[in-house]
Amino acid sequence: MSGWKRVALIVLAAVIVVGGGAYYWLVVESHFPSDAAFELDINEVRRLAGEMPGDGPREIKVEHVADFSFPATAIVAGDGWEMKPMPVYSFQLIYSDGTSGIVDTALSEDLNAGTVSFNKEAYQRMETAIGKASFIVVTHEHVDHIGGLTAYPDLAGIAGNVDLTKEQIDNPERSEPAVFTKEVLDSFTPVTYGDYKAIAPGVVLIKAAGHSPGSQMVYIRKADGSELLLIGDVAWQHRNIETLRERARLVTQFFLKEDRHAVFGQLKALSDLEKAEPQIAIMPGHDGAVMERLLTGGVFNAGFE
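Every chain is numbered independently, its residues counted from 1 as its sequence is written. Two thresholds apply to this predicted model, a pLDDT of at least 70 for residue-level local features and 80 or more for giving and counting side-chain atom pairs, whereas whole-chain, interface and lining totals are computed over all residues. Where side-chain values are given, they derive from all heavy atoms of the structure, hydrogens and water being excluded.

Looking only at helices and strands, one finds twelve helices and eleven strands in the protein chain. We take the radius of gyration over the C-alpha atoms and set the globule estimate at 2.2 Å times the residue count to the 0.38 power. Its C-alpha radius of gyration of 21 Å places the protein chain within 12% of the 19 Å reference for a compact globule of 305 residues. With the C-alpha coordinates aligned to their principal axes, the bounding extent of the protein chain is approximately 85 × 45 × 35 Å. Accessible area is worked out with a 1.4 Å probe on protein chains only. A residue is then buried under 20% of its type maximum, exposed over 50%, and partly exposed in between. The proportion of buried residues among the 305 residues of the protein chain is 53%. Contacts: residue pairs with any heavy atoms within 4.5 Å of one another. Sequence separation of 24 or more characterises 70% of the internal contacts of the protein chain that already satisfy a separation of 6 or more. Secondary structure is summarised from DSSP: a helix means a run of H or I of at least four residues, a strand means a run of E of at least two, and numbering begins at the N terminus for each.

As a further point, take the nonpolar core. Of all hydrophobic cores here, the largest spans 41 residues; its most connected members are Ile136, Leu149, Ile158, Leu164, Phe180 and Phe188. When contributions to this core are tallied by element, the ones reaching two or more residues are β1 (59–71), α3 (72–75), β2 (83–94), α4 (120–132), α5 (143–150), α6 (155–158), α8 (182–187) and α10 (249–256). Ranked by residue count, the leading element in this core is α4, at five residues. Sequence-distant contacts of phenylalanine 180, that is, excluding residues within four places in its chain, are made with Ile146, Leu149, Thr150, Leu155, Leu164, Leu185 and Phe188. Counting 26 residues, the second largest nonpolar core, distinct from the first, contains Val62, Val137, Ile220 and Val290. Each nonpolar core is a collection of buried residues, namely Ala, Val, Leu, Ile, Met, Phe, Trp, Tyr and Cys, held together in the definition by side-chain atoms within 4.5 Å.

Glancing now at the environment of leucine 295. Checked against the element boundaries, leucine 295 lands in helix α12 (residues 288–296). Sequence-wise, leucine 295 and leucine 244 are 51 residues apart; in three dimensions their C-alpha atoms are separated by 25 Å.

Here the largest pocket is characterised by a volume of approximately 580 Å³. Computed over the protein atoms alone on a 1 Å grid, cavities are sets of points where a 1.4 Å probe fits but cannot get out and pockets are open sets with protein on both sides within 12 Å along at least five of seven lines; a residue lines them when it has an atom within 4 Å of a point. As for the largest pocket, its lining consists of 20 residues, and the residues nearest its centre are His142, Val143, Asp144, Phe255 and Leu256. Of all the secondary structure elements, the ones that give two or more residues to the lining of the largest pocket are β1, α5 and α10. Of the residues in the lining of the largest pocket, the class split is eleven nonpolar, three polar and six charged. Grid points are joined across faces, edges and corners, and a volume is the space filled by probe spheres set on the points. Gly is put with the polar residues, along with every residue not named as nonpolar or charged; the nonpolar set is Ala, Val, Leu, Ile, Met, Phe, Trp, Tyr, Cys and Pro, and the charged set is Asp, Glu, Lys and Arg.

Whether two strands pair depends on DSSP finding at least two bridges between them. Pairing within the open sheet is mixed, and its five strands lie in the order β6-β7-β8-β9-β10. Because the sheet does not close on itself, it has two edges, and the strands there are β6 (196–200) and β10 (281–283). Averaged over all adjacent pairs, the angle separating strand axes in this sheet is 20 degrees, with direction ignored. Relative to strand β7 (residues 203–207), β6 runs antiparallel, the two being bridged by four bridges. Across the sheet, residue alanine 200 finds its bridge partner in β7, namely valine 203. Comment: axis = line fitted to C-alpha atoms, over the contacting stretch for helices; angle = value between 0 and 180 degrees taken between N-to-C directions. Packed on one face of the sheet, helix α11 (residues 260–276) meets β8 (216–221), β9 (227–230) and β10 and runs near 150 degrees to β10.

With that out of the way, let us pick up the confidence of the model for the protein chain. Values of pLDDT, which run from 0 to 100, indicate the predictor's confidence residue by residue. Averaged over every residue, the pLDDT of the protein chain is 92; residues scoring 70 or more account for 94%. This stretch, residues 1–18, has a pLDDT under 50; its non-local contacts, to residues over four places away or in other chains, come to three contacts.

This next bit is on the pattern of salt bridges. Salt bridge, as used here: a side-chain nitrogen of Lys or Arg that lies within 4 Å of a carboxyl oxygen of Asp or Glu. Taken as a whole and assessed by the stated rule, the structure comprises 17 salt bridges. One salt bridge connects arginine 247 with glutamate 258, and the closest N-O pair in it is separated by 2.7 Å. Note that arginine 247 is positioned in the loop between α9 (238–243) and α10 and glutamate 258 in the loop between α10 and α11, a separation of eleven residues in sequence. Residue classification places arginine 247 among the buried positions, given a relative accessible area of 0%. On the basis of relative accessible area, glutamate 258 is assigned to the buried category, the value being 12%. One connected set of salt bridges, linked through shared partners, spans Arg58, Glu59, Lys61 and Glu305.

Dropping the structure here:
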């Protein structure tokens, strides 16, 4: 074999090895780090849920506002390239005294960030409910969870009912293309807390930075005693929890800019919680199968009031 052919083969082999290694690292690899940890003290959360006088919400309603479609490996690293649906939800907490709260506000049609479907009627119902809500929180500051709030036509009129955390307010670039004006941001009183914070009867925020700086979970104990954990995008789908596998590094490192180590710890804590407390319903950010099961089981009811 001539010298140049030998060199060419060596170079080709190197490209294949490097390329294969890069593909594995960016698309497939999701080894759980042994030191990843997250403390979730469910007994303390339950105590705080009863800290405010009154019963928790009598009902939790949901609107399915839009849909994305992602390759399976973007959701769970190594799961292949089949396209999977990624529904976008907003939640309404209804109290017996007629008050209500909103968790997550989806995104407006004008903020289309790659959605493959959009339900205008669902969005309009959600927008109406935002104007009536006593409190509005988001699990994190990404456009598909905060976008409906940034697009609300009378933000000045509801600013006093918006409970954004300091981390969510301090990282506006994470919300793009959804944006608040500086005047609106200045009108919000940031929510600050350590690990947990009760914000309404039966409702507790759980700090869970990782997917974004302002990521948090929302624990809800309904008036009937049933329990729910809205985990936002700590896990896009339940398979992240059951397999303890993160999204593909290509997604988390270059697009989401996640703290993967922190998210792994949260996935493990959720897996442990599910085994120890199976009666607590856990709702990932974009899992249609889990949503259907929880709708059938009466945890959620479809359609805002």
